[in-house]
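# A look at the structure
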Amino acid sequence: MVNNMLVEYTKSTENIVKAVEIVKNKYYCVRCGNNDQSEFFIDDFGIYCRKCLNFGKSSTYQKIWRKEIKIIFNESYCLKKVVNLSNIQKIASNKCLESFKNKRDMLLYAVCGAGKTEVVYEVILRALNLGNIVCFATPRKDVVLELVPRFKRDFFQVSIVALYGGSPDKGKVGNLYVTTTHQLINYYQFFDLVIIDEVDAFPYYNNKMLAGFIKKAKKEQAPIIYLTATPPKYYTNLIRRKKIDHFIIPNRFHNHPLPIPKIVLTYSTAKKILKGNCPKKILLWLLKKQQLSKRVFIFVPKIEIGIALEKILTKYIKCRFVYAEMKERTQIINMFRNNKIQYIITTTILERGVTVPNVDVCIINCDDQIFDERAIVQIVGRAGRHPKYPFSDVVLFCDYFTLEIKNAVKQIKKMNKIAKGNKNEMYNM
Amino acid sequence: MKCIICRDNIYIRHIFSALFTTDKQMICDKCLEGLEKVEGGCVRCGKKTNDIICNDCLFWEQNKDYNLLKVINYSLYYYNEYAKTLVKKIKFNGDIAILLAFRQQIKKFLKPFPIKDKILVPVPLFKTSLQKRGFNQSEVIARIINLPILDNIYKSNDVKQSKKKRIARIVFDDQYRLKSKLNLHNKDIIIIDDIYTTGATVHKIAKLLSDCNARNICSFTLFRS
Ligand SMILES: [Zn+2]
Ligand SMILES: [Zn+2]
């Protein structure tokens, strides 16, 4: 029978609970926290929750086995070599330590390229050396795949577990878990410190279920550190009410401001591309990059446009289109990273956390509603991330100006202003 | 009203006619657009082909165990990429809600057929799969059609007997068995399944039923691959 149960790992006492319970005459999904009655449905054996179906069927006739896990504790975790932090990064790092000690949640706000990940190294080590289990959660699988080798390179003696849909590490035991937020559903009162990357990114933002996963996966007292480049209103409100600590890293670690995007108007772009023609302005810009042998990220709003554009461009340049559901996706991104492909076309789904030095960026059909202010700022942040190549060209091709484009440019300018030291700007965002 | 599949709101275009139908639209037009209705193709099974009869059907036609059955298959949609994602949600995730949402489409499809006096035989599952999924998808479709259901067949994973015979195909033939003896004299049968692939399942069950003297046997499936 145990074989058929859903499993959640825990560090509190082992037990078996019902997956869907009735609380005050209402169904409640113990697994995902769903209590929206319209998300429950009846089958031949009982009632099940439709919200978390992708993680195994949670139902009145199903049980969750909360399996206790013992973790080997090594007590001398450290970095393999000293990571040089700037002064401001050091202060930020200390601030994290302080919040962790006081068991308070904290928001670490830093513009793209400010080196947020390095800032949390100290607090991760502090927690690990106390025998704690740390979780670094990010919205996307790509980011997990990118961070794990980096952590393995930097941390000494720490056993790192990478979790995402289809990960071979599933069920493995370690000290530091790098995971997509969705995978946290399999944990119950397990983590002592949770770091959430890109908290502004799509899955957390307005997603109660994932917030519930985090709450369930961590121990009650465990603090959370939120990392973000564009703090959503919800968090700035929490800061204002002093519910959580915060710290701002104003500059990027190489002290160069974010590139201000150029806006170029093109006409009926999507239509033309779908018909097999690429607007001249776009084509010329791309060909110029070929002469400069610069790598280029091309963002498109829809998969159809991506496929059509790839077809057009392969006549002139070496390019590949990647999207979320694609099988060879990781492979292509790696080829791009290793400079084997010069151009990569992608939908916004890939936009966050993937870092490649010395790239130029363009958004095609930027007037599409999928490119909201948040997305545009994040995409611009992809550019110029390497200290050696801080300057890069960012162009937004659009049929007309949208409010989102205007706001994004405004925000980037604001961020650059903050970078120069005017911290009061943050609250006006 | 929200679409069962994508959770977007359903906008009912013909409010007036919607008032008079008992089966509500539960899937939005956008999601339905991803599905392609079976039209033309093989006259026996609906497979997309330029031939009058497809290779699958020719195989059954030339097989002496099955050539007298003449099973005709009716399917609602082709099993395209989008249909695959739906079937995955229904069978792998166990989401019966999506299957039930096709009530309106199934009823509309079957309306022109004279099926009033027929008996439905849903393809059975292994007991273990049934418990894991929470339902038998074929039985759910049969319940939607709302005709008498014959529940006298089970799927067995007992292969001992066939191993003795050392004929691989017999293993499959033995998969479906009768729970008890049955006489279907003068009875017409519709075998119900979720997907029709090569017709193997349908023909095995049809053989079993024809051995019980069933008169006409046809099949209905939601998808035709
Ligand atoms: Zn649930
Ligand atoms: Zn055929």
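Thresholds applied
Residues numbered from 1 in each chain as written. Chains lettered and ligands numbered in written order. Predicted model: local features only at pLDDT ≥ 70, side-chain atom pairs only at ≥ 80, totals over all residues. Heavy atoms only, no water. Helix = DSSP H or I, 4+ residues; strand = E, 2+ residues; numbered from the N terminus. Contact = heavy atoms within 4.5 Å. Areas by Shrake-Rupley, 256 points an atom, 1.4 Å probe, with all protein chains shown as cover. Donors = N, O, S within 2.8 Å, 3.2 Å for Na, K, Ca; no water. Tetrahedral: all angles 85-135°; square planar, octahedral: opposite > 155°, others 65-115°. Buried < 20%, exposed > 50% of the residue type's maximum accessible area, 1.4 Å probe, protein only. Axes fitted to C-alpha atoms, helices over the stretch in contact; angles between N-to-C directions. Left-handed = near helix turned anticlockwise from the far one by under 90°. Nonpolar A, V, L, I, M, F, W, Y, C, P; charged D, E, K, R; others polar. Domains from an automatic or database assignment. Phe/Tyr/Trp six-rings, centres within 6.5 Å; stacked < 30°, edge-to-face > 60°. Lys NZ or Arg CZ within 6 Å of the ring centre and 35° of its normal.

## A short note on the overall build of chain A
- The helix and strand inventory of chain A stands at twelve helices and 23 strands.
- Sequence separation of at least 24 residues holds for 74% of the intrachain contacts in chain A that already meet a minimum separation of 6.
- For chain A, the exposed surface amounts to about 20000 Å²; the carbon and sulfur share of it is 51%.

## Section: the coordination of the zinc ion (ligand 1)
Residues and elements named next belong to chain A.
- Within the protein, the zinc ion (ligand 1) binds to Cys29 (SG), Cys32 (SG), Cys49 (SG) and Cys52 (SG); these donor distances fall in the range 2.3 Å.
- For the zinc ion (ligand 1), the four donor atoms in the first shell make angles of 107 to 112° at the metal, a pattern classed as tetrahedral.
- Considered as a linear motif, the donors of the zinc ion (ligand 1) on their single chain read C-x2-C-x16-C-x2-C. Residue cysteine 29 is located in strand E4 (residues 26–29), and its partner cysteine 49 is located in strand E6 (residues 47–49); the two are separated by 20 residues in the primary sequence. One exposure class covers both cysteine 29 and cysteine 49, and it is buried.

## Some remarks on the packing of helix H1 (residues 87–101) of chain A against helix H3 (residues 121–129) of chain A
Residue and element names in this part refer to chain A.
- Where H1 contacts H3, the axes come no closer than 8 Å and their chain directions differ by 35°. Seen along the crossing, H1 lies across H3 with a hand that is right-handed. Contacts from Ser93, Cys96, Leu97 and Phe100 in H1 reach Glu122, Val123, Arg126 and Ala127 in H3.
- Residue composition of the contact of H1 with H3, grouped by class: five nonpolar, one polar and two charged.

## Things to note about the side chain of asparagine 132 of chain A
Residues and elements named next belong to chain A.
- As for its position among the elements, asparagine 132 is in the loop between H3 and strand E10 (134–138).
- The exposure class of asparagine 132 is buried, given its relative accessible area of 14%.
- Here asparagine 132 is in contact with Phe100, Ala127, Asn175 and Asp192, once residues within four sequence places are set aside.

## Here we look at the domain arrangement of chain A
- Partitioning chain A into domains gives domain 1 (2–68), domain 2 (78–249) and domain 3 (262–421).
- Centre-to-centre separation of domain 1 of chain A and domain 3 of chain A, based on C-alpha positions: 42 Å.

## Re the packing of aromatic side chains
All names here are of chain A.
- Following the criterion strictly, the structure yields 29 aromatic pairs over all chains and no others.
- Where tyrosine 226 meets tyrosine 235, the ring centres are 4.8 Å apart and the plane angle is 55°; that geometry is what we call tilted.
- Relative to phenylalanine 397, the ring of tryptophan 285 has its centre 6.0 Å away and its plane inclined at 75°; by these criteria the two rings are edge-to-face. Note that tryptophan 285 is positioned in helix H8 (residues 280–291) and phenylalanine 397 in strand E23 (residues 394–398), a separation of 112 residues in sequence.
- Classification of tryptophan 285 by relative accessible area gives buried; the value is 8%.
- Take phenylalanine 397: its relative accessible area is 1%, and that puts it in the buried class.
- One aromatic cluster is present, formed by Tyr9, Tyr177, Tyr187, Phe190 and Phe191 through successive ring pairs.
- Positioned over the ring face of tyrosine 188 is arginine 66, at 3.5 Å from the centre of the ring.

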